[in-house]
Amino acid sequence: MPIDAFAADHFSIGLPAEVNLVGLAVGVRPELLWQPFDAEGAVQLRFAAGFAAGPELLFVPVDLGGRVRWFPKHAVHLLTGAGWELQTIHAPHVDSVVRSALYMEIGVEVEVAQAWSVGLMAEVNFAPPPLFGFGAVARLGATRDF
């Protein structure tokens, strides 16, 4: 891997607000995106961690996955991704749950200024047995390229 793959222009930071539709919680999930092959390329590795709170629960996800920015040279990008998520769920009067889940996401991102874009993402996730569960998340946020 070339040394310049770790240069600042291969990284982006996103700050999306989110609504968890299962559990009805609202929060933020900041993300760090790394483009290992090309600073203007389509392939990104994604790390995100955040929290969402609602009347029924406190949800703390940590994500690691990949994302593809389709049409990276254009101002509008289709986004698709998938990965692994560690979910911690705290609810009143029950034991906390920590489980692994798989997620898939799809969305759109629009460049609005030099190095800035806004996007809308939809995510579904699935936790296999024995701690079975599923979720759906909608995110709206801004991303800054370096």
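The structure displayed is predicted, hence computed values, not measured ones.

What counts, and where the lines are drawn
Residues numbered from 1 in each chain as written. Predicted model: local features only at pLDDT ≥ 70, side-chain atom pairs only at ≥ 80, totals over all residues. Heavy atoms only, no water. Phe/Tyr/Trp six-rings, centres within 6.5 Å; stacked < 30°, edge-to-face > 60°. Patch = residues over 30% accessible without salt bridge, like charges linked within 9 Å, V, L, I, M, F, W, Y side chains within 5 Å. Areas by Shrake-Rupley, 256 points an atom, 1.4 Å probe, with all protein chains shown as cover. Salt bridge = Lys/Arg side-chain N within 4 Å of Asp/Glu carboxyl O. Lys, Arg positive; Asp, Glu negative; His and termini not counted. Charge placed at Lys NZ, Arg CZ, Asp CG, Glu CD. Helix = DSSP H or I, 4+ residues; strand = E, 2+ residues; numbered from the N terminus. Pairing = 2+ DSSP bridges. Buried < 20%, exposed > 50% of the residue type's maximum accessible area, 1.4 Å probe, protein only. Core = buried A, V, L, I, M, F, W, Y, C linked by side-chain atoms within 4.5 Å. Contact = heavy atoms within 4.5 Å.

S.K.: I'd like to hear about the packing of aromatic side chains, residue by residue, with values.
M.R.: In the structure shown here, the tally under the stated rule is three aromatic pairs. Ring geometry for F126 and F132: centres 5.6 Å apart, planes at 70°, overall edge-to-face. Counting every residue linked through ring pairs, the aromatic cluster contains F6, F11 and W34.

S.K.: Please give an account of a negative patch on the surface that cites residues and values.
M.R.: A surface patch of like charges, here negative, comprises D4, D9, D38 and E40. Looking at the element boundaries, D4 is found in the segment before β1 (11-20).

S.K.: Which residues make up the pairing of strand β7 (residues 76-90), and what values do they have?
M.R.: Across 13 bridges, strand β6 (residues 58-70) lies against β7 in antiparallel orientation. Bridge pairing links P61 to Q87 in β7. Pairing between β7 and strand β8 (residues 97-113): 14 bridges, direction antiparallel. Opposite E85, over in β8, you have A101 as the bridge partner.

S.K.: Break down a nonpolar patch on the surface for me, with residues and values.
M.R.: A grouping of V76, V108, V110, V112, W116, V118, L120 and L140 is seen on the molecular surface, where their side chains present a nonpolar patch of about 680 Å² in accessible area. Counting only elements with at least two residues in the nonpolar patch, the list comes to β8 and β9 (116-127). Within the secondary structure, V112 sits in strand β8. A relative accessible area of 52% means that V112 is categorised as exposed.

S.K.: Can you break down the pattern of salt bridges residue by residue, with the values?
M.R.: Throughout the structure, instances matching the rule amount to 13 salt bridges. Among the salt bridges present, the one from E123 reaches R139, with a minimum N-O distance of 2.9 Å. In this pair, E123 is assigned in strand β9 and R139 in strand β10 (residues 133-145), connecting sequence segments 16 residues apart. For E123, a relative accessible area of 2% translates into the label buried. The structure contains a network of salt bridges with shared partners spanning E18, R29, E31, R46, D63, R67, E85, E105, E123 and R139.

S.K.: Outline the nonpolar core, supporting the account with residue identities and numerical values.
M.R.: A25, A52, L57, F59 and I89 together form the largest nonpolar core, which totals five residues. If near-sequence neighbours (up to four positions away) are discounted, L57 is found in contact with G23, A25, A52, I89, H90 and A91.

S.K.: Residue-level account of the pairing of β6, with values.
M.R.: Because side chains alternate across β6, one face comprises the buried residues F59, P61, D63, G65, R67 and R69, and the other comprises L58, V60, V62, L64, G66, V68 and W70, none of which is buried. Examined bridge by bridge, strand β4 (residues 43-49) and β6 share seven bridges and lie antiparallel to one another. The residue of β6 that forms the bridge with V43 is V68. Of the pairings in the sheet, the one linking strand β5 (residues 51-53) to β6 comprises two bridges and is antiparallel in character. Following the sheet pairing, A53 is matched in β6 by L58. If you look at the hairpin formed by β5 and β6, you'll find four residues sitting between the two strands. What sits between the antiparallel neighbours β6 and β7 is a turn of five residues, in which F71 has the positive phi angle 60°.

S.K.: Describe the side chain of T88, naming the residues involved and giving the relevant values.
M.R.: Following the sequence through the fold, T88 ends up in strand β7. When sequence neighbours within four positions are dropped, the list of residues in contact with T88 reads L58, F59, V60, V97 and V98.

No statement about biological role is implied by the geometric values presented.
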